[in-house]
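In case you want the letters, here they are:
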Amino acid sequence: MTPKSFDRWIRAYVAAWRTDDPGAIGALFAPRAVYATGPFDKLWRGRKAIVAAWIARGASRVKWRFRHRLVAVQGSLAIVEGRTTYAASGGRGARVYGNLWLVRLNDRGEAVEFREWWMQKPS
């Protein structure tokens, strides 16, 4: 895999994030992929489970902005640093999160493993 391969995948991920479109989400992941939402959270296992859990989060209903950079690419694995800013809502100010992603792609460009860790910026 090349940095361009991962950048394409990340852009497709962000597009799916904006829409919660089941087809776009499913296209990102291999049939037996695993998705970790945190180091201690239960894994989402398999494409169907990933799509269902993703849509249940409902992130497309919230205004947000995401920026990223590839930190490293080694073979099928990329490390991505991101920053997510959620718009102010419900009397709360904007929320900013630092993100670290580990993404492992197969030869078809589908994620077989996706691990994300995030931390909210202190106010």
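Residues numbered from 1 in each chain as written. Predicted model: local features only at pLDDT ≥ 70, side-chain atom pairs only at ≥ 80, totals over all residues. Heavy atoms only, no water.

Draft legend 1. Molecular detail of the overall build of the chain. What the chain contains, in helices and strands, is three helices and six strands. Along its sequence from the N terminus, the chain presents helices and strands in the succession α-α-β-β-α-β-β-β-β. Relative to the globule expectation of 14 Å for 123 residues, the C-alpha radius of gyration of the chain, 14 Å, shows essentially globular dimensions. Expressed along its principal axes, the backbone C-alpha trace of the chain runs to roughly 45 × 30 × 25 Å. Going through the 123 residues of the chain one by one, you find that 39% of them count as buried. Considering only contacts within the chain whose residues lie at least 6 apart along the sequence, 47% involve residues at least 24 apart. Looking at the chain as shown, the accessible area adds up to about 7,500 Å², and 55% of this sits on carbon and sulfur atoms. When the 22 positive and 9 negative side-chain charges of the chain are each reduced to one mean point, those points stand 5 Å apart. (Helix = DSSP H or I, 4+ residues; strand = E, 2+ residues; numbered from the N terminus. Rg over C-alpha atoms; globule rule 2.2 N^0.38 Å. Buried < 20%, exposed > 50% of the residue type's maximum accessible area, 1.4 Å probe, protein only. Contact = heavy atoms within 4.5 Å. Areas by Shrake-Rupley, 256 points an atom, 1.4 Å probe, with all protein chains shown as cover. Lys, Arg positive; Asp, Glu negative; His and termini not counted. Charge placed at Lys NZ, Arg CZ, Asp CG, Glu CD.)

Draft legend 2. Region of interest: the pattern of salt bridges. This model, assessed by the stated rule, comprises seven salt bridges. With a shortest N-O distance of 3.2 Å, Arg-57 and Glu-116 are connected by a salt bridge. Taken together, the residues Arg-57 in helix α3 (residues 47-57) and Glu-116 in strand β6 (residues 111-120) connect sequence positions 59 residues apart. Its relative accessible area of 7% is what places Glu-116 among the buried residues. Three or more residues joined by partner-sharing salt bridges are found here, namely Arg-47, Arg-108 and Glu-110. (Salt bridge = Lys/Arg side-chain N within 4 Å of Asp/Glu carboxyl O.)

Draft legend 3. A look at the environment of Asp-7. Along the chain, the position of Asp-7 falls in helix α1 (residues 3-19). The partly exposed category is assigned to Asp-7, whose relative accessible area is 23%. Separated by 31 residues in sequence, Asp-7 and Gly-38 have C-alpha atoms that sit 22 Å apart.

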